[in-house]
Each structure stands twice: as structure tokens, then as C-alpha cells.
Amino acid sequence: QVQLVESGGGLVQAGGSLRLSCAASGSILRINAMAWYRQAPGKLRDLVAAITSGRSTNYADSVKGRFTISRDNAKNTVYLQMNSLKPEDTAVYYCNADLVVDGRPREYSYWGQGTQVTVSS
């Protein structure tokens, strides 16, 4: 069974930093793109940042210059370093990964359970 497990969320004051981690486990043959999304109450889930297997990245305009996405392929893990946090960054953050897993013929998209990030003003 494939799992994505996030960690690192919490409560932080505005201007502070947090680092999110997401580790993929299970019968994984290949990990392609990995990404972080977030969903605030009453809003749609939006892309925050994404990174390809070749480490090309893209970011939402609202987080450019403040957030950095990275990955460690040896650990099947993606990270999101969040600096200069703002109250509007408050949301549940979800990890997403496009995986090829044993027993399935093609790539599928998998989601983590989410981790809460709360930024106080």
C-alpha cells in the first residue's frame, strides 16, 4: 500500500518559518512530479509549489521568494521550506506525488492526509 505522510505543520507567528516534509512509502517503482497544495477554509485547493523528477520547480505567485520546494529522491521525500509566513498562508497543506507503483500499469496521483499550518498575526 502506498502512503504519503506529511509532517512539520504547526502554529507560528507572522514572519516565522516552518519546514514541511512528505515521505512516500510502499511498492514505488518511480516518483515523477511532487507538489504541495493548500486549502483554506471555504476555498478551493490550490497549487503552492511543484518539482519535477529533474528538479525543475514552479511556484504560486503568492509564495514566490518566500517558499522553496526541494526533494530527496533517495528518501522518497519532498520538502517545503516556508519563510516570512503571513496569516494568509494559513491552510491545510497537502502533499501530492505522481507515482508508478508495483502492480499498476501507469502513473497515478496520490495525496497525503494534510497538515495544518496556522500563522498568527
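Shown above is the structure to which this text applies.
Keep in mind that this is a model prediction, so the values were computed, not measured.

This part takes up the packing of aromatic side chains. The final tally for this structure, using the stated rule, is 1 aromatic pair. A cation over a ring is seen here: Arg 19 above Tyr 79, with NZ or CZ 4.1 Å from the ring centre.

A few words on the sheet that holds strand E8 (residues 77–82). The strand order across the open sheet formed by 4 strands is E1-E3-E8-E7, and the pairing between neighbours is antiparallel. On the outer flanks of this sheet lie strand E1 (3–7) and strand E7 (67–72), each paired with one strand and no other. Direction aside, neighbouring strands of the sheet carry axes that sit 15° apart on average. Where E1 meets strand E3 (residues 18–25), 5 bridges bridge the pair, whose relative direction is antiparallel. Its bridge partner being in E3, Val 5 is matched across the sheet by Ala 23.

Along the polypeptide, Gly 8 turns up in the loop between E1 and strand E2 (10–13). Distance from Gly 8 to Leu 85, taken between C-alpha atoms, is 14 Å for residues 77 residues apart in sequence. Sequence-distant contacts of Gly 8, that is, excluding residues within four places in its chain, are made with Leu 18, Arg 19 and Leu 20.

Before going further, it helps to spend a moment on the environment of Lys 43. Relative to the elements of secondary structure, Lys 43 occurs in the loop between strand E4 (28–39) and strand E5 (46–51). Classification of Lys 43 by relative accessible area gives exposed; the value is 59%.

With that out of the way, let us pick up unusual backbone geometry. With a phi close to 75°, Arg 55 is a non-glycine residue in the positive phi region. For Arg 55, the position within the fold is in the loop between E5 and strand E6 (57–59). With a phi angle near 50°, Asn 76 is a residue other than glycine that sits in the positive phi range. Structurally, Asn 76 is set in the loop between E7 and E8. Classification of Asn 76 as partly exposed rests on a relative accessible area of 25%.

This part takes up the nonpolar core. If you look at the biggest cluster of nonpolar residues, it comprises 31 residues, and the most contacted ones within it are Trp 36, Leu 80, Met 82 and Tyr 93. Breaking this core down by element, the ones donating at least two residues are E3, E4, E5, E7, E8, strand E9 (91–101) and strand E11 (115–120). When residues in this core are grouped by element, the largest group, 6 residues, is from E9.

Conventions adopted
For every chain, the first residue of the written sequence is number 1, and numbering continues from 1 along that sequence. Restriction of local features to residues with pLDDT of at least 70 applies here, the model being predicted, together with a cutoff of 80 or more for giving and counting side-chain atom pairs; totals for whole chains, interfaces and linings are based on all residues. With hydrogens and water stripped out, all remaining heavy atoms of the structure feed into the side-chain values. What counts as a ring pair is set by centres within 6.5 Å for rings of Phe, Tyr and Trp (its six-membered ring), and what kind of pair is set by the plane angle: stacked under 30 degrees, edge-to-face over 60, tilted for all other angles. Put simply, a charge is over a ring when the Lys NZ or the Arg CZ is close to the ring centre, within 6 Å, and near the line of the ring normal, within 35 degrees. Two strands pair under a simple rule: DSSP has to find at least two bridges between them. Where helices and strands are cited, they refer to DSSP runs of H or I of at least four residues and of E of at least two residues respectively, numbered from the N terminus. Lines fitted to C-alpha atoms define the axes here, with helix axes fitted over just the stretch in contact, and angles between the N-to-C directions of these axes take values from 0 to 180 degrees. Contacts are assigned to residue pairs that have any heavy atoms within 4.5 Å of one another. Each residue is placed in one exposure class: buried if its accessible area under a 1.4 Å probe, protein chains only, is under 20% of its type's maximum, exposed if it is over 50%, and partly exposed if it falls in between. Nonpolar cores are built from buried Ala, Val, Leu, Ile, Met, Phe, Trp, Tyr and Cys residues. Side-chain atoms within 4.5 Å join them into one set.

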